[in-house]
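# Coordinate inspection notes
Here is what each chain is made of, one letter per residue.
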Amino acid sequence: MIVDLHNHTTLCNHADGTIDEYIIQAIKNKTKTFGFSEHAPMDFDPKYRISFEQMEEYESSILKAKEKYKDKIEILLAYEVDYLDGYMDERVLNADVDYLIGSVHFIGKWGFDNPEFIGQYEDEDIDQIWQKYFDAIEQMAKSKLFDIVGHVDLIKIFKFMPKKDVLQIAKNALKAIKEADMVLELNSAGFRKPIGEAYPSKSILEEAFKLGIPITFSSDAHAITQVGQNSSKLIELARNVGYTQCAIFRKRKREMVRF
């Protein structure tokens, strides 16, 4: 996996390993462009993200690593931002970074991907839950604040699948992603979850390909062993669908590279 744009640090309070260790593992993996995209601060759910006061520390640490390893690998600086109305902050949205990943981890204020709150799936029709999730993805895309869509079908994490056709549920979100000229990440974290497959599913990726939505690759690593884990499966999935190029970003400007 020559490109790996979604990875975390210990500053998010739920990851292990140093910045150097992640980079060294990426170099071993023969990755050419490796991005850190820490969970951006917001005044909600502070337990699982950096604070506003830590932004300078985080950005400085990544930029120092970028310089340190410049002859071996390209390091990029980014944030993964929760799309949550009323909580996104200009300090993050206007940060001097290479790209912003927009992700949906909350339906309303329900952290649907957190095992602590898994019981809430029993309180509502599963089709409605999925639709609310993809409605949020659609609104996130329409905001045009972000460069990359994070784990676009994260709602499948615990394998609570809808009765309705997934593509029907996701179609408007995918159209909005295309219209916003965003990039879809192939994220290997799903292999580590109950769903046991990549984000997105092959069917969603096929639809994205038909729409001409570009892709990139991500480990979404929260531990050293996760850097590049299952990368061959992501590459195979992308190639089987028909993709031959993936996106990288520098200072919010996209470039496509062959993989």
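Note: the structure precedes this text.
Here's a quick rundown of the structure. Because the structure is a prediction, the values reported are computed rather than measured. (Residues numbered from 1 in each chain as written. Predicted model: local features only at pLDDT ≥ 70, side-chain atom pairs only at ≥ 80, totals over all residues. Heavy atoms only, no water.)

## Topic: the environment of D165
Put simply, the rule is: Runs of H or I in DSSP of at least four residues are treated as helices and runs of E of at least two as strands, each being numbered from the N terminus. Throughout this description, buried means an accessible area under 20% of the type-specific maximum (1.4 Å probe, protein chains only), exposed means over 50%, and partly exposed covers the range between.
Looking at the element boundaries, D165 is found in the loop between strand 5 (148-149) and helix 5 (166-179). By relative accessible area, which is 43% here, D165 ends up partly exposed. The sequence separation of D165 and D127 amounts to 38 residues, and the corresponding C-alpha distance is 9.3 Å.

## Re the layout of surface pockets
Worth spelling out the cut-off: Method remark: on a 1 Å grid restricted to protein atoms, a set of points is classed as a cavity if a 1.4 Å probe fits but cannot get out and as a pocket if it is open with protein on both sides within 12 Å along at least five of seven lines; lining residues have an atom within 4 Å of a point. Grid points are joined across faces, edges and corners, and a volume is the space filled by probe spheres set on the points. Three categories are distinguished: nonpolar for Ala, Val, Leu, Ile, Met, Phe, Trp, Tyr, Cys and Pro, charged for Asp, Glu, Lys and Arg, and polar for the others, with Gly belonging to the last.
The computed volume of the largest pocket comes to approximately 610 Å³. Contributing to the lining of the largest pocket are 30 residues, with H14, H105, D113, N114 and K193 lying nearest its centre. Looking at the lining of the largest pocket residue by residue, the classes come out as 11 nonpolar, 9 polar and 10 charged.

## Focus on the pattern of salt bridges
Under the convention used in this document: Salt bridges are counted wherever a side-chain nitrogen of Lys or Arg sits within 4 Å of a carboxyl oxygen of Asp or Glu.
On inspection of all chains with the given rule, the structure shows 16 salt bridges. Between D82 and R49 there is a salt bridge, and its shortest N-O distance comes to 2.9 Å. With D82 in strand 3 (residues 74-82) and R49 in the loop between strand 2 (33-39) and helix 2 (55-68), the pair connects residues that are 33 residues apart, well separated along the chain. In this structure R49 comes out as buried when scored by relative accessible area, which is 3%. For the salt bridge of R91 with D89, the shortest nitrogen-to-oxygen distance reads 2.9 Å. Among the residues examined, R91 registers a relative accessible area of 47% and is labelled partly exposed.

## A few points about empty space enclosed by the protein
Evaluated as defined, the whole model comprises 1 cavity of 30 Å³ or more. Put simply, the largest cavity is a space of about 30 Å³. Taken together, A40, P41, M42, V81, D82, Y87, M88, D89 and V92 make up the full set of residues lining the largest cavity.

## Side note on the environment of G212
Structurally, the position occupied by G212 is in the loop between helix 6 (202-211) and strand 7 (215-218). Residue classification places G212 among the partly exposed residues on the basis of a relative accessible area of 41%. On a C-alpha basis, the gap between G212 and D181 in space is 9.5 Å, while along the polypeptide they are 31 residues apart.

## Section: the pairing of strand 8 (residues 245-250)
Sheet faces and side chains relate simply in a regular strand, where the side chains alternate between the two faces. Note the threshold: Whether two strands pair comes down to DSSP finding at least two bridges between them.
Here strand 8 pairs with strand 9 (residues 253-258) via 6 bridges, running antiparallel. In the sheet register, A247 faces strand 9, and the bridge partner there is M256. Hairpin connection, strand 8 to strand 9: the antiparallel pair is bridged by 2 residues, and K251 has positive phi, about 55°.

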